[in-house]
Amino acid sequence: MNLRRCVWLTTIVLLVALTVTACAKKIPPPPPPPPSPPAAPAPPPPPPPPPPAAPAPAPAAPRPLTEEEVFSKKTLDELNAEMPLVDVSFDYDMALIRDDQRAALQKNADYLRRWASVRVTIEGHADSRGTNEYNLALGERRGNAVKGYLAGLGIAADRLVVISKGEESPLCMDETEACFTRNRRGHFIITAK
C-alpha cells in the first residue's frame, strides 16, 4: 500500500502543483512605455508668398491723332513751313494761269475745301525786269488771277486776300532766266485757320 499511497500522494502533489501553477496570477508583461508627449507641433510652413502682383497693365497706346486734331495743334508758322499750298508760276510779263499750273491750283482748292476755316493771302510776285510800279501792278494782276481761278473752283473769295509784292521779295537774286522764272509766282500764306 505503500506504493499506492505514494502514487496517490505523488498524483495529488502533482495535481496541486499543477493547479497552483495554473491558477497562479499571471504577471502581465510590463506595459509599453507611454507614448512620449507629442513634441510641440512644428510651426506650420509659412504660407506661400502671394503670387506676384500682376504688372499694372501698360497704358493703352494712345490712339493716333485724327487729321483734325493734328491740324488744330499746328501753328500758322508750322502750316506755312509745310507749304501745303503750292506756288503757281507765271510766264514773263503775263498774268494768265498756265495750263501746267492748273493741277497745282486744283490741289490747293482741294486743301481749302478740306479746311474750310483756312484763310490765305495770295502774294503776286514779279521778276526784277521792269519798273517797280509796273511790277507791283503785274503782281496784283497775278494774285487776282489766282484768286479768280480758285473762286471758279468753288472757294469763297472772302477767304482769299491778294497783295502785290512786285519785285520786292525775290526767291532768287541772280539776273538769270532760271532765277527770273522762280520769282514770277503767286505765293500762298495761310493767315487764319
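### So, the pairing of strand E4 (residues 185–192)
Then step 1. Pairing geometry for strand E1 (residues 88–89) and E4, over two bridges, is antiparallel. Each residue of the ladder has a partner; that of Ser 89, found in E4, is Arg 185.
Then step 2. In this sheet, E4 lies alongside strand E2 (residues 119–125) in antiparallel orientation, the contact comprising six bridges. Bridge pairing in E4 links Ile 122 to Phe 188.

### As for helix H5 (residues 132–152)
Then step 1. For H5, which comprises 21 residues, the first-to-last C-alpha distance of 30 Å matches the rise-based estimate of 30 Å (1.5 Å per residue) to within 8%.
Then step 2. Looking at H5, one finds that the buried residues are Asn 135, Leu 138, Gly 139, Arg 142, Gly 143, Ala 145, Val 146 and Leu 150. When H5 is viewed along its axis, its buried side chains cluster within an angular range of 150° and face the same direction. Exposed side of H5, more than 90 degrees from the buried face: Glu 133 and Gly 152 are the residues found there.
Then step 3. In the core, the buried residues of H5 are packed alongside E1, helix H4 (102–114), E2, strand E3 (160–166) and E4.
Then step 4. Two residues or fewer after H5 comes Gly 154, characterised by a positive phi angle close to 100°.

### As for the sheet that holds E1
Then step 1. Strand order in this open sheet of four strands is E1-E4-E2-E3, and the pairing throughout is mixed. At either end of the open sheet lies a strand with only one pairing partner, and these are E1 and E3.
Then step 2. Together, E1, E2, E3 and E4 form the strand contacts of H4, whose direction differs from that of E4 by roughly 5°.
Then step 3. H5 rests against E1, E2, E3 and E4 of the sheet, and its axis sits at about 155° to E3.

Thresholds, definitions, all that
- All residue numbers refer to position in the chain's written sequence, counted from 1.
- Reporting in this predicted model follows two pLDDT cut-offs: at least 70 for local features of residues, and 80 or more for side-chain atom pairs to be given and counted; totals over whole chains, interfaces and linings ignore these cut-offs and use all residues.
- Heavy atoms from the whole structure form the basis of all side-chain values; hydrogens and water molecules are not counted.
- DSSP-based pairing: two strands are paired if at least 2 bridges between them are found.
- Helix and strand labels come from DSSP, where a helix needs a run of H or I of at least four residues and a strand needs a run of E of at least two; each type is numbered from the N terminus.
- For a helix, the expected span equals 1.5 Å multiplied by the number of residues minus one.
- Residue exposure (1.4 Å probe, protein chains only): buried if accessible area is under 20% of the type maximum, exposed if over 50%, otherwise partly exposed.
- In this description, one arc is meant: the one made by directions from the helix axis to the C-beta atoms.
- Any two residues whose heavy atoms approach within 4.5 Å are treated as being in contact.
- Fitted lines through C-alpha atoms give the axes, limited to the stretch in contact for helices. The angle between two N-to-C directions lies from 0 to 180 degrees.

These values are about where atoms sit, not about what they do.
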